[in-house]
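What the coordinates show
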Amino acid sequence: MKMRYLVPDDYMADPAVHVFGDRLYIYPSHDRESGIPENDNGDHFDMCDYHVFSLDDVENGVVTDHGKVLEVKNIPWAGRQLWDCDVAFKNGKYYMYFPLKDKTDIFRIGVAIADRPEGPFIPQPDPIRGSYSIDPAILDDGGNFYMYFGGLWGGQLQRYRDNKALESAAFPADNEPALPSRVVRLSADMLQFAEEPRPVVILGKDGKPLTAGDTEKRFFEASWIHKYLGKYYFSYSTGDTHLLCYATGDNPYGPFTYQGVILTPVVGWTTHHAIVEFKGKWYLFHHDCVPSGGKTWLRSLKVAELKYDADGSIQTINGGGQ
Ligand code: FUB
């Protein structure tokens, strides 16, 4: 199939995608022009609501916009910036996990609940206890639910070690292990962490953890997780080197071994994705800034078919940028 823009009339980014029933649901960030100048802190990603989209045929189907399903103004603990969310289904309810800065400008992860996949989602009064940073992605592993999260720079992950806030942000030296994404099992009621978050260690082919200086391979943000032929595929953005990469492992906690590039750089700064199987084909949902003429904070949703080689490797897709 050809790459396809999914929502040509609005700016949407950071897709999380799941099949619920016989439809595919897309949960993106909703980009907007708020006039905040671009900076390394990501202040220009000043989103204030989410829409949900669904379709029944990825290649030709009409994309239904289910409208606004959650707004910053209705979240009791809100400060600003609704970034990449994800949604999970358990026991008849849909749980949306979203990162948002609280009133002290610290990112926390909140939960909102709906009766239907298209929302509306009603937020809990407080963020998840012990949550921090951004980009939650949920794995339903046969009824056990795991959240992967974290992001560098504006995502604030460099402000934490061992799940505790540092007095000030600290990056490892280039030859030290890279800062990892985190994984944590969710509580039975889906509203809290059931344990302390653990590091998602990515090993190089030499069996050693990737280092902070290995910027074309190490984790930066945009965690996603899917299973293929019994293996766990952890995928992510390398941020300032603009690649989507993946690593594979044998269980949800890893370690994962680096495998390669899924998507070369797109037009824009951020790259972010979801991988999902629907009606017998695999798809990569992602975004770029072509329709906005390269404005990094106004991104558009795209989809391309994703293919595996016989050994389970993912074939690299050309993002068309840089
Ligand atoms: O959309 C805001 C941020 O940009 C996301 O949380 C990151 O993953 C990046 O795509």
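Residues numbered from 1 in each chain as written. Predicted model: local features only at pLDDT ≥ 70, side-chain atom pairs only at ≥ 80, totals over all residues. Heavy atoms only, no water.

Focus: the sheet that holds strand 3 (residues 23–30)
The strand order 2-3-4-5 describes an open sheet built from four strands, whose pairing is antiparallel. The sheet is open, and its two borders are formed by strand 2 (12–20) and strand 5 (64–71), each paired with just one other strand. For this sheet, the mean inter-axis angle between neighbouring strands, taken without regard to orientation, is 25 degrees. Looking at chain direction, strand 4 (residues 49–55) and strand 5 are connected through five bridges and run antiparallel. (Pairing = 2+ DSSP bridges. Helix = DSSP H or I, 4+ residues; strand = E, 2+ residues; numbered from the N terminus. Axes fitted to C-alpha atoms, helices over the stretch in contact; angles between N-to-C directions.)

Remarks on the nonpolar core
Counting residues in each nonpolar core, the largest one holds 56 residues, and the members touching the most others are Y27, M96, F98, F121 and F285. Ignoring any residue separated from it by four or fewer positions in sequence, one finds F98 in contact with Y50, L70, I75, W77, L82, C85, R108, I109, G110, V111, A112 and P136. In this structure, L179, L186, F219 and I225 belong to the second largest nonpolar core, which totals 40 residues. (Core = buried A, V, L, I, M, F, W, Y, C linked by side-chain atoms within 4.5 Å. Buried < 20%, exposed > 50% of the residue type's maximum accessible area, 1.4 Å probe, protein only. Contact = heavy atoms within 4.5 Å.)

Brief notes about the pairing of strand 7 (residues 93–101)
The two faces of the sheet receive side chains in turn, since in a regular strand these alternate between them. Counting buried positions over the nine residues of strand 7 gives eight, a clear majority of the element. Two successive antiparallel strands, strand 6 (residues 86–90) and strand 7, enclose a turn made up of two residues, where N91 displays a positive phi of approximately 45 degrees. Two elements, strand 7 and strand 8 (residues 107–114), share eight bridges in a ladder whose sense is antiparallel. The partner of K101 across the bridge, within strand 8, is F107. Between the end of strand 7 and the start of strand 8, which pair antiparallel, lie five residues, with D105 showing a positive phi angle near 70 degrees.

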